[in-house]
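Structure at a glance
What follows is each chain in one-letter form.
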Amino acid sequence: MIIKGDVRDQSSLVATLIGRIDPRTTDKYRRRGAALAIGCLPECVAGPNAKVLIPALVSAFVARSPAPGHGELDAETRRNAVLACVQLLRRLGEEGARQHISEATLKIFVDGLHVGMEDYSVDVRGDVGSWVREACFTAWPVVIDLFFLSDGSRLTSADVTRAMSTLVRQSVERIDRVREAAGTALEQATTRLLASKASTAESELAELIPALERAVFGDADHPNPVVWVNASSVYPRMVPLLGVARFRGDLFRGLVVAVGGISETLVRYASSSFTEYLEGLPTFEGGEKSAGLVGISGNKQDDRLRLSDALDAFIQVIESLQAHERERLLVPALETVDVILNSGVVAKAVASDGWAGGAARLAAVVKTVVGRSKDARRVLGAVKIFGNLAVLEGVPAVRTTASAELVAYLAHPYPRVRRLASEHLFVVVSSAPTSLSANEDDADEDIEDAPAADDVEDILLTTDWENAPIAELRLARSRLSVELAKSS
């Protein structure tokens with residue numbers, strides 16, 4: 001048994017445990033057990049050795065791939081390492097944390113938590129990174145208690161704000177248990193911050209906490225707390241946080257995963273809440289934005305964004321997706337763009353806010369991010385978007401660009417893509433006479449163009465876009481382009 005005075009025995013035990021969680025070890029079961037064992041160390045051992053234990057645990061849970069020739073880094077080890085850190089901090093308490101956790105050690109741990117909350121690694125079991133993310137969520141209420149509220153100089157408000165924003169994002173993602181874990185941590189952290197307003201009075205958090213309080217705990221319109229596993233409860237409450245600029249980027253990233261997901265219930269509530277929120281945003285139609293509009297934080301400021309600004313922010317999120325994020329987020333983001341277009345929100349922004357430039361930017365971004373992708377889901381998502389943009393009123397240049405993209409997809413290697421592009425092009429051509437005529441003087445021109453339009457429809461209907469040889473389809477596409485030029 002290790003007692004307080006056994007310094008050499010303590011050092012030997014700590015060195016052994018650290019060696020067993022080293023990412024270079026090959027025995028994953030030993031790593032998992034050693035991580036849990038560190039979390040069970042008594043305060044007399046954990047405190048004096050915290051400066052080596054916590055960095056070692058952080059090294060174990062931020063590493064997502066093994067060193068060459070060294071075993072396998074598994075999600076269970078990473079999860080257990082995070083939980084061990086949380087157990088150590090709880091055991092140390094406020095006094096022990098102040099005595100044994102230096103600013104350098106705290107920074108290592110906090111930076112590690114930010115990395116862990118972005119763990120989206122997968123294996124044959126699915127999203128195993130979610131286990132690590134959930135463990136990181138449980139750490140933040142403890143960290144905020146020990147190092148921000150009790151000892152405010154140890155943790156910056158920027159770190160807390162970043163953590164709260166990430167928790168907001170995770171609370172609207174697709175996995176029920178992840179939403180519940182993130183939402184629970186968000187509730188606990190918000191409760192602690194509300195109870196200690198003096199610690200947040202001079203920081204950005206002073207503006208964010210009222211918005212979080214209304215979203216998480218309710219207001220006159222929603223008097224009950226959020227039930228995090230219930231999509232019908234989560235999205236109507238969390239989507240309005242888009243009105244808070246600091247949360248907007250993270251919240252968009254979380255929403256696209258839900259809106260562009262595959263669960264019918266989740267997609268329905270996420271999509272309806274998202275589009276209803278966008279439809280309710282003010283525009284410049286009839287003059288400047290009403291001064292009486294009140295945002296989510298309760299202040300008559302710019303936290304209630306304009307519709308076109310919201311759409312611009314969403315496009316910026318798609319533009320800013322990093323390479324590692326595109327694999328996970330790009331297809332849901334394209335599906336979300338399609339949902340927005342089908343809801344009529346973009347048409348409203350073009351008509352009321354003069355968002356023609358934004359529509360052109362959207363078309364360009366979709367073309368850029370999809371590029372020459374061989375992912376059928378990405379390409380099909382782009383075809384649906386171009387199909388909607390090709391019939392969008394008030395933006396002739398965008399319609400021309402989108403139609404040209406649809407024509408290009410007619411000779412795509414994937415049959416489903418060709419078929420979908422031809423269907424959208426048929427809708428574009430069928431709606432052209434009514435949608436392109438701006439006044440009665442154009443009616444005669446439409447009548448003259450009717451034969452060319454009929455020829456276009458004939459090519460679209462008589463060509464087997466799904467099964468014909470590519471060489472034949474390219475010839476048909478060339479004829480189609482000629483006829484479209486005549487009718488333009």
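Residues numbered from 1 in each chain as written. Predicted model: local features only at pLDDT ≥ 70, side-chain atom pairs only at ≥ 80, totals over all residues. Heavy atoms only, no water.

1. Re the overall build of the protein
Regarding its fold elements, the protein presents 23 helices and zero strands. Going through the 488 residues of the protein one by one, you find that 50% of them count as buried. Counting every atom, the protein has about 22000 Å² of accessible surface; 52% of that belongs to carbon and sulfur. (Helix = DSSP H or I, 4+ residues; strand = E, 2+ residues; numbered from the N terminus. Buried < 20%, exposed > 50% of the residue type's maximum accessible area, 1.4 Å probe, protein only. Areas by Shrake-Rupley, 256 points an atom, 1.4 Å probe, with all protein chains shown as cover.)

2. Section: the confidence of the model for the protein
This prediction gives the protein a mean pLDDT of 85; 86% of its residues lie at or above 70. Per-element confidence in the protein ranges from a low mean pLDDT of 60 for helix α10 (residues 197–200) to a high of 96 for helix α19 (residues 376–389). In the model, residues 66–71 has pLDDT below 50 throughout and makes nine contacts with residues more than four positions away in sequence or in other chains. Scored below 50 in pLDDT, residues 434–449 shows ten contacts in the model against residues more than four places distant or in partner chains. (pLDDT = per-residue confidence, 0-100. Contact = heavy atoms within 4.5 Å.)

3. Focus: the pattern of salt bridges
Applying the stated rule across the entire model yields 27 salt bridges. The residue arginine 419 makes a salt bridge to glutamate 466 at a minimum N-O spacing of 3.2 Å. Placement of arginine 419 in helix α21 (residues 415–436) and of glutamate 466 in the loop between α22 (443–462) and α23 (470–487) is noted, with a sequence separation of 47 residues between them. For arginine 419, a relative accessible area of 37% gives the class partly exposed. On the basis of relative accessible area, glutamate 466 is assigned to the partly exposed category, the value being 26%. (Salt bridge = Lys/Arg side-chain N within 4 Å of Asp/Glu carboxyl O.)

4. Details of helix α8 (residues 157–170)
Within an α-helix, residues lying three or four positions from one another point in the same direction, as the helix has 3.6 residues per turn. Helix length check: α8, at 14 residues, gives a terminal C-alpha distance of 20 Å against a target of 20 Å (1.5 Å per residue), a fit within 8%. Within α8, eleven of the 14 residues are buried, leaving the element largely enclosed by the surrounding structure. Its buried side turned inward, α8 meets α6 (103–116), α7 (129–149), α9 (176–195), α11 (205–217), α12 (231–238) and α13 (245–259). (Expected span 1.5 Å × (residues − 1).)

5. Points about the packing of α13 against helix α14 (residues 264–279)
Between α13 and α14, whose axes approach to 8 Å, the crossing angle comes to 135°. When the axes of α13 and α14 are compared, the pair comes out oblique. For the pair α13 and α14, the contacting residues are Phe252, Leu255, Ala258 and Val259 in the first and Leu266, Val267, Ala270, Ser271 and Phe274 in the second. Split into classes, the residues belonging to the contact of α13 with α14 amount to eight nonpolar, one polar and no charged. (Axes fitted to C-alpha atoms, helices over the stretch in contact; angles between N-to-C directions. Parallel < 35°, antiparallel > 145°, perpendicular 65-115°, else oblique. Nonpolar A, V, L, I, M, F, W, Y, C, P; charged D, E, K, R; others polar.)

6. Regarding the packing of α19 against helix α20 (residues 396–409)
Across the interface, α19 lies against α20 with an axial gap of 8 Å and an inter-helix angle of 140°. Taken as axis vectors, α19 and α20 run oblique relative to one another. Between α19 and α20 lies a crossing of left-handed hand. Facing Val379, Ala382, Val383, Phe386, Gly387 and Leu389 of α19, the residues of α20 in contact are Val398, Arg399, Ala402, Glu405, Leu406 and Tyr409. (Left-handed = near helix turned anticlockwise from the far one by under 90°.)

7. Structural notes on the side chain of serine 130
Take serine 130: it is sitting in helix α7. For serine 130, a relative accessible area of 0% puts it in the buried group. Not counting chain neighbours up to four residues away, the residues in contact with serine 130 comprise Asp119, Ile175, Arg177 and Val178.

8. Overview of the nonpolar core
Phe109, Tyr235, Leu241 and Leu389 are the most contacted members of the largest nonpolar core, which has 151 residues in total. Among the elements that line this core, the one with the most residues is α7, at 13 residues. (Core = buried A, V, L, I, M, F, W, Y, C linked by side-chain atoms within 4.5 Å.)

9. Quick notes on the packing of aromatic side chains
With the rule as written, the count across this model stands at four aromatic pairs. Relative to phenylalanine 274, the ring of phenylalanine 252 has its centre 6.0 Å away and its plane inclined at 75°; by these criteria the two rings are edge-to-face. Placement of phenylalanine 252 in helix α13 and of phenylalanine 274 in helix α14 is noted, with a sequence separation of 22 residues between them. For the pair shown, phenylalanine 252 and phenylalanine 274 are each scored as buried. A ring pair is formed by phenylalanine 386 and tyrosine 409, whose centres lie 6.5 Å apart and whose planes are at 35°; its orientation type is tilted. With phenylalanine 386 in helix α19 and tyrosine 409 in helix α20, the pair connects residues that are 23 residues apart, well separated along the chain. On the basis of relative accessibility, which here comes to 1%, the residue phenylalanine 386 falls in the buried class. Three or more aromatic residues link up through ring pairs in this structure, and these residues are Phe252, Phe274 and Phe314. (Phe/Tyr/Trp six-rings, centres within 6.5 Å; stacked < 30°, edge-to-face > 60°.)

10. What to know about α6
Compared with the 20 Å implied by 1.5 Å per residue over 14 residues, the 20 Å span of α6 between its first and last C-alpha is a close match. When we look at burial in α6, the residues that qualify are Thr105, Leu106, Phe109, Val110, Gly112, Leu113, His114 and Gly116. Buried residues in α6 make contact with α4 (50–62), α5 (75–100), α7 and α8.

11. Here we look at the environment of valine 227
Along the chain, valine 227 falls in the loop between α11 and α12. Look at valine 227 and you get partly exposed, because its relative accessible area is 43%. Valine 227 sits 48 residues away from arginine 179 along the chain, and the two C-alpha atoms are 9.7 Å apart. Those residues in contact with valine 227 that sit more than four places away from it in its chain are Ser233 and Val234.

12. Brief notes about the environment of arginine 174
Tracing the sequence through the fold places arginine 174 in the loop between α8 and α9. With residues up to four places along the chain from it excluded, the contact list for arginine 174 reads Asp127, Arg179, Val257 and Leu266.

13. So, the environment of glycine 254
Residue position: glycine 254 is located in helix α13. Given a relative accessible area of 0%, glycine 254 falls into the buried group. A sequence separation of 75 residues divides glycine 254 from leucine 329, and the C-alpha atoms of the two residues are 9.1 Å apart. Once residues lying within four places of it in the same chain are set aside, the contact partners of glycine 254 are Arg169, Val172 and Glu173.

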